[in-house]
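# Understanding the architecture of this molecule
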Amino acid sequence: MVAPRVLLLATYPSEVPLHGGQRRVHAIARSYRQAGWEVKQIGVFPRGSYARGNTRAEHIELSREFMSYLSRHSLRTDLHVHHYFAQNPRVLEQFIAAVERFQPNVIQFEQPWLFPVLWPFIQSNRDKQLVAYSAHNVESALLQDILLAEGHPRASEFVEETRRLEEMLISVADVTVCVTELDAGVFSSMGAKNVVIAPNGADRRPSTASADWDGRFGNQPYAFMTGSAHPPNCTGFLHFVGTDFAFVPPTAKVVVAGGMAALLAASPAFQRNHEMVRRRVLLLNNPEEADLDYLINRAAVVLLPIAQGGGSNIKTAEALLSGRPIVASSTAFRGYEAFRNSAGVTIEDNVGRFRHAVRMALSKTPPTVAIRTEAESLLWERCVFNIPSAMRNLVRV
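The rules we used
- Residues numbered from 1 in each chain as written.
- Predicted model: local features only at pLDDT ≥ 70, side-chain atom pairs only at ≥ 80, totals over all residues.
- Heavy atoms only, no water.
- Axes fitted to C-alpha atoms, helices over the stretch in contact; angles between N-to-C directions.
- Helix = DSSP H or I, 4+ residues; strand = E, 2+ residues; numbered from the N terminus.
- Parallel < 35°, antiparallel > 145°, perpendicular 65-115°, else oblique.
- Contact = heavy atoms within 4.5 Å.
- Nonpolar A, V, L, I, M, F, W, Y, C, P; charged D, E, K, R; others polar.
- Buried < 20%, exposed > 50% of the residue type's maximum accessible area, 1.4 Å probe, protein only.
- Pairing = 2+ DSSP bridges.
- Expected span 1.5 Å × (residues − 1).
- Polar contact = N/O pair within 3.5 Å; in protein donor to acceptor, adjacent residues only side chain to side chain.
- Phe/Tyr/Trp six-rings, centres within 6.5 Å; stacked < 30°, edge-to-face > 60°.
- Arc of directions from axis to C-beta.

### Description of the packing of helix α6 (residues 139-150) against helix α7 (residues 155-172)
- Interaxial distance between α6 and α7 falls to 8 Å at its minimum, and their mutual angle equals 170 degrees. Here α6 lies roughly antiparallel to α7, going by the angle between them. Taking contact as the criterion, the partners of E139, S140, L143, Q144, L147 and L148 in α6 are, on α7, A155, F158, V159, T162, R163 and E166.
- Among the residues forming the contact of α6 with α7, the class breakdown is six nonpolar, three polar and three charged.

In structure tokens form, the structure reads like this:
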């Protein structure tokens, strides 16, 4: 029996996943392979931005000249990535040639950004493969929140452009995958057919020992948050946690890991309180996976201060699987409503009460570790297994 073939397209690689989008695509690819599919992944991203372990020849790296072009014209890397192929027809030819060689039964767009690049190819080959839209958010709604918060002068223009792109891809897609019931309703209202809900999940992080980290912290409790350089991660942290850290016991620390650490360090709020931040906060911009394994599994409390954004947050699934105490906003539990009353979970949208809950968690020695058997349903293999099966029902091989 010939194995069906799926081509996964994203604006990042996912062989070595770090941020949430990469982790989701990595899990989807693994699920396809376990279901017997042949998988090809092509990422399109700025040169040098994903250096660690993401070296497949099929990936397309955006030139520094193109990134300068985007900056000069106040354009966005995701929404306007298709300009690169219009400006570099030879790269487009090579991209299409790679697609033709693979002969996919399904072309799956992880987020909508690369759809304009392949739309002419899809139109001329419509009877040869299915099209799947694998949505991670309602991108137009998320972008509206981000750009309005920034006071971006072209917010309405870019939001409308994103909405048109989503609607066009949805009108073409044979299957639309989304992460929450709420997103499913939005996409259905846009005309989506064959909507599949595959919620976000996580892999269970191994409990690792580290003499280096043990020597660094000893028995010192710390509150832990990890996140990419996605603006809502930082705005949520600054809103709920702030920068004076007066609520943090003097014997404790706050540890922030991932791309959001660099954004926070560069924020005016952190720079104004540089001395307090230096004493009370540890920022880790580019941690190794082993570091993250250690830090989340030994945290006195995991922070999920999400104030905006769409879809659902992978870091919430990871926190629930860790068994560590959690202090979160209600937005962080969008898509995880069934776990709001799980052991060790505190949800607060009032800033004062949020900080008080963090202080109480940091004051418990040792921290309470919860056994959340219900969180087993959040393992990736239980969240995205239905994507290959939904596609297989439509594919003829």
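### Some remarks on the pairing of strand β9 (residues 253-257)
- Taken across its five residues, β9 has five buried, putting it largely inside the fold.
- The two faces of β9 match: K253, V255 and A257 on one face and V254 and V256 on the other face are all buried.
- One ladder, built from five bridges, connects strand β8 (residues 222-226) with β9; its direction is parallel. Residue T226 lies in a different strand from β9, and its bridge partner there is A257.

### Details of helix α16 (residues 351-363)
- Along its 13 residues, α16 runs 19 Å from first to last C-alpha, staying within 8% of the 18 Å computed at 1.5 Å per residue.
- Looking at the packing, one finds that the buried side of α16 touches β8, α10 (231-240), β9, β11 (301-304), β12 (326-328) and β13 (345-347).
- The N-cap residue of α16 is N350: its side-chain oxygen and the backbone nitrogen of G352 are 3.0 Å apart.

### Some thoughts on the packing of aromatic side chains
- Applying the stated criterion across every chain yields a total of 15 aromatic pairs.
- Taking the centre distance of 6.3 Å and the plane angle of 20 degrees together, the rings of W213 and Y294 count as stacked. Of this pair, W213 sits in helix α9 (residues 211-217) while Y294 is found in helix α14 (residues 289-297), placing the two residues 81 residues apart along the sequence.
- Judged by its relative accessible area of 4%, W213 falls in the buried class.
- Among the aromatic side chains, those forming a connected cluster through ring pairs are F66, Y69, Y84, F85 and F95.

### Looking at helix α4 (residues 89-102)
- Taking 1.5 Å per residue as the helical rise, α4 with its 14 residues ought to reach 20 Å, and the 20 Å between its terminal C-alpha atoms agrees with that figure.
- Restricting attention to buried positions, one finds in α4 the residues V91, F95, A98, V99 and F102. Angularly, the buried residues of α4 cover 100 degrees about the axis, an arc narrow enough to put them on a single face. Among the exposed residues of α4, those pointing more than 90 degrees away from its buried face are R90 and R101.
- Packing partners of the buried residues in α4 comprise β1 (5-10), β2 (38-46), β3 (60-62), α3 (82-87), β4 (106-110) and α5 (115-124).

### Considering the environment of R64
- Summarising the element assignment, R64 is placed in helix α2 (residues 64-72).
- On the basis of relative accessibility, which here comes to 54%, the residue R64 falls in the exposed class.
- Along the primary structure R64 and G48 are separated by 16 residues, whereas in three dimensions their C-alpha atoms are 9.5 Å apart.

Don't take any of this as a statement about function, it's just geometry.
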